[in-house]
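# Examination of the molecular architecture
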Amino acid sequence: MPKITYISHDKKTNTVEVQNGLTVMEGAIQNDIPDIDADCGGGMSCATCHVYVHENWLDKLPQKEDGEEDMLDMAFEPKKNSRLSCQIIVSDELDGLIVNTPSKQG
Amino acid sequence: MIKTDVLIIGAGPTGLFCAHQLGIIGLSCEIVDNLDKVGGQCIELYPDKPIYDIPAIPECTGEELTDNLIKQIKPFNVDFHLNERVEEIKKKDNRWYVKTNKNKDFDVASIVIAGGVGSFEPRKFPLKDCERFEGKSLFYSIKDKTIFKDKTISIFGGGDSALDWAIELSETSNVNLIHRREGFSAAESSVQKVKELNKKGNIKLFTEYQIDKIIGDKEIELVKIKHDNGEIKEIKSDYVLGFFGLIMQLGPILEWGLNIDKKRVEVNTENFETNINGIFAIGDICSYPGKLKLILSGFHEGALAARGCFKYAKPDEKLRFEFTTTSKAAQERLGIKK
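The structure presented is a predicted model; accordingly, all values stated were derived computationally and were not measured. (Residues numbered from 1 in each chain as written. Chains lettered and ligands numbered in written order. Predicted model: local features only at pLDDT ≥ 70, side-chain atom pairs only at ≥ 80, totals over all residues.)

Looking only at helices and strands, chain B has eight helices and 22 strands in total. With the C-alpha coordinates of chain B rotated into their principal frame, the extents come out at 70 × 45 × 40 Å. Classification of the 338 residues of chain B by burial places 41% in the buried group. Residue pairs at least 24 apart in sequence account for 60% of intrachain contacts in chain B once pairs closer than 6 positions are excluded. (Helix = DSSP H or I, 4+ residues; strand = E, 2+ residues; numbered from the N terminus. Buried ≥ 20, exposed ≤ 12 C-beta atoms within 10 Å, placed from the backbone. Contact = placed C-beta atoms within 7 Å.)

Quick look at the structure:
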């Protein structure tokens, strides 16, 4: 199973195995990773599963849809490498993905 | 003091349908919601977006679903208390006493929490410094626009609220509009209008900038904004407005002694009662093994919770299971004339 690493704002690292086909958000929720709220449950309508994608991985992810970029306007401290983790679907290609979680989701 | 059988917290689809189910079995209820309109997430987050998984309705929008639910509960004359948040609950002699932030009191037999993921609150700037000015010269919503006349206003955001206010206030104030990227999520017509006003000099537009610092003693003097490339600009501002949409906060519900698991309230699946007798939780806010955050699940949960409320409202009566198709009592309650 692909391994995904979540790093918190205070540098705590959690690496967990996430099944192919689940989202990076679901991987966090199932493994009790803190700082990902996912209030809307994956509907791209709340921006509380916001993560910063490690620069080495940024180009390997599928492009954002317009709706995701619009939602990121609402996120807490959005940056160039901001993504909604509910829109990143885990696959073998993403084995080793590293994301940083923000200090707050809102 | 308002006396009724059940107080529903949350006017989203789940709360509305629960009111229907209460009405059918002859219980009265009132609904409190922190938003200024009925419909919950359906109205606030996706009024125009389609929903495809409401049983027997192949496609409808959040707004249509809400309108139909309001129509469906019309016979029960349910009172809504909008723009209000439940703050405190107290139990006395098998009744619950509930107080809202507008000091309204309710005396009820049971409470149904249908609060989604909490009440909607404006999203705020990430800077701690902003709190000092909040409500004085920094706002997340506008109540009195006359205070901005002839002043310099810095508006942050790229959605409809930010652009609509930028356009409107530019008629009487100096407006700076600051947004984190080139693109906007607001309606295309507003985006065009803002670009025109920017060309004419009526609105100063700063894209790919975000707030960096806010400077001032009692009142805001200037805001520093930072470009994606690190460049910092200082802009003089009398007022700062932030429009970043709404976020849901559980708020006072956390203090009521309910068992909470990851921002959700634990319930049993027999009648969706919580660990506290007489308090039920339904819809997105409840948690149980296998929970799906679907509107249709909320309807089911509301139907069972309504029956669970019966024994608290009418302890000496027995609730008989009936179909609306054949029940005279239910049809009378629905005001159906034959």
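The discussion continues.
Here we come to the overall build of chain A. What chain A contains, in helices and strands, is three helices and five strands. Secondary structure elements of chain A occur, N-terminal to C-terminal, as β-β-α-β-α-α-β-β. Each principal axis of the C-alpha atoms in chain A carries an extent, and together these give about 30 × 30 × 25 Å. When burial is assessed residue by residue, chain A has 40% of its 106 residues classed as buried. Taking the intrachain contacts of chain A between residues at least 6 apart in sequence as the baseline, contacts between residues at least 24 apart amount to 68%.

All right, on to the interface of chain A and chain B then. Across the boundary between the two partners, chain A contributes 14 residues, which contact 18 residues of chain B. Looking at the side of chain A that touches chain B residue by residue, the classes come out as three nonpolar, four polar and seven charged. (Nonpolar A, V, L, I, M, F, W, Y, C, P; charged D, E, K, R; others polar.)

What follows deals with the packing of helix α5 (residues 160-169) of chain B against helix α6 (residues 188-200) of chain B. All names here are of chain B. Remark: α5 packs on α6, axes separated minimally by 10 Å, with the N-to-C direction vectors making an angle of 40 degrees. On the basis of their axis angle, the class for α5 and α6 is oblique. Crossing hand, α5 versus α6: left-handed. Counted together, D160, L163, D164, A166 and I167 of α5 and S190, V191, K193, V194 and L197 of α6 form the full contact between these two elements. Across the contact of α5 with α6, the residue classes tally to six nonpolar, one polar and three charged. (Axes fitted to C-alpha atoms, helices over the stretch in contact; angles between N-to-C directions. Parallel < 35°, antiparallel > 145°, perpendicular 65-115°, else oblique. Left-handed = near helix turned anticlockwise from the far one by under 90°.)

When its domains are assigned, chain B resolves into domain 1 (2-121 + 247-333) and domain 2 (124-244). In this structure, domain 1 of chain B and domain 2 of chain B have C-alpha centres spaced 38 Å apart. (Domains from an automatic or database assignment.)

Right, let's get into the sheet that holds strand β5 (residues 98-100) of chain A. Strands in a sheet are paired, the pairing made by backbone hydrogen bonds, and the direction either parallel or antiparallel. All names here are of chain A. Taken together, five strands build an open sheet; the order of strands is β2-β1-β5-β3-β4 and the sheet is mixed. In this open sheet, the two strands that pair with only one neighbour each are β2 (13-17) and β4 (82-84). Along the sheet, successive strands turn relative to each other by an average axial angle of 35 degrees, direction set aside. As paired strands, strand β3 (residues 50-53) and β5 are joined by two bridges and run antiparallel to one another. Its bridge partner lying in β5, Y52 is registered against N100. (Pairing = 2+ DSSP bridges.)

With that settled, consider the confidence of the model for chain B. In the predicted model, chain B carries a mean pLDDT of 95, and the fraction of residues at 70 or more is 100%. Confidence metrics for the complex model read pTM 0.77 and ipTM 0.85. (pLDDT = per-residue confidence, 0-100.)

Right, let's talk about the packing of helix α1 (residues 13-24) of chain B against helix α3 (residues 62-73) of chain B for a bit. Residue and element names in this part refer to chain B. Between α1 and α3, the least distance of the axes is 9 Å, while the angle of their chain directions is 20 degrees. With respect to their mutual orientation, α1 and α3 come out roughly parallel. In this structure, α1 meets α3 at a crossing whose hand is left-handed. Across the interface between the two elements, P13, L16, F17, A19, H20 and G23 from α1 touch L65, T66, L69, I70, Q72 and I73 from α3. Considering only residue class, the contact of α1 with α3 consists of eight nonpolar, four polar and no charged.

Here we come to the sheet that holds strand β22 (residues 286-287) of chain B. Residues and elements named next belong to chain B. If you trace the three strands from one edge of the open sheet to the other, you get β19-β20-β22, paired in mixed fashion. Of all strands in the sheet, those with a lone pairing partner are β19 (260-261) and β22, marking the two edges. In this sheet, β22 lies alongside strand β20 (residues 264-266) in parallel orientation, the contact comprising two bridges. If you follow V265 over to β22, its bridge partner there is C286.

This brings us to the pairing of strand β7 (residues 95-100) of chain B. Residue and element names in this part refer to chain B. In the sheet, strand β6 (residues 86-92) pairs with β7 via six bridges, with the strands oriented antiparallel. Bridging across to β7, K92 finds its partner in R95. In textbook terms, the turn of a hairpin is the stretch between consecutive antiparallel strands, and for β6 and β7 this stretch comprises two residues, one of which, D93, has a positive phi near 50 degrees. Linking β7 to strand β8 (residues 105-113), which pair antiparallel, is a turn of four residues; within it N103 sits at a positive phi near 60 degrees.

What follows concerns unusual backbone geometry. Positive phi, close to 50 degrees, is recorded for A:E77, a residue that is not glycine. By the element assignment, A:E77 lies in the loop between α3 (66-72) and β4. In this structure, B:N77 takes a positive phi of about 45 degrees despite not being glycine.

Residue and element names in this part refer to chain A. In terms of residue burial, β2 counts as a barely covered element, since only zero of its five residues are buried. Two elements, strand β1 (residues 3-7) and β2, share five bridges in a ladder whose sense is antiparallel. Within β2, the position partnered with I4 by the bridge is V16. Joining the antiparallel neighbours β1 and β2 is a turn of five residues, in which K11 adopts a positive phi near 70 degrees.

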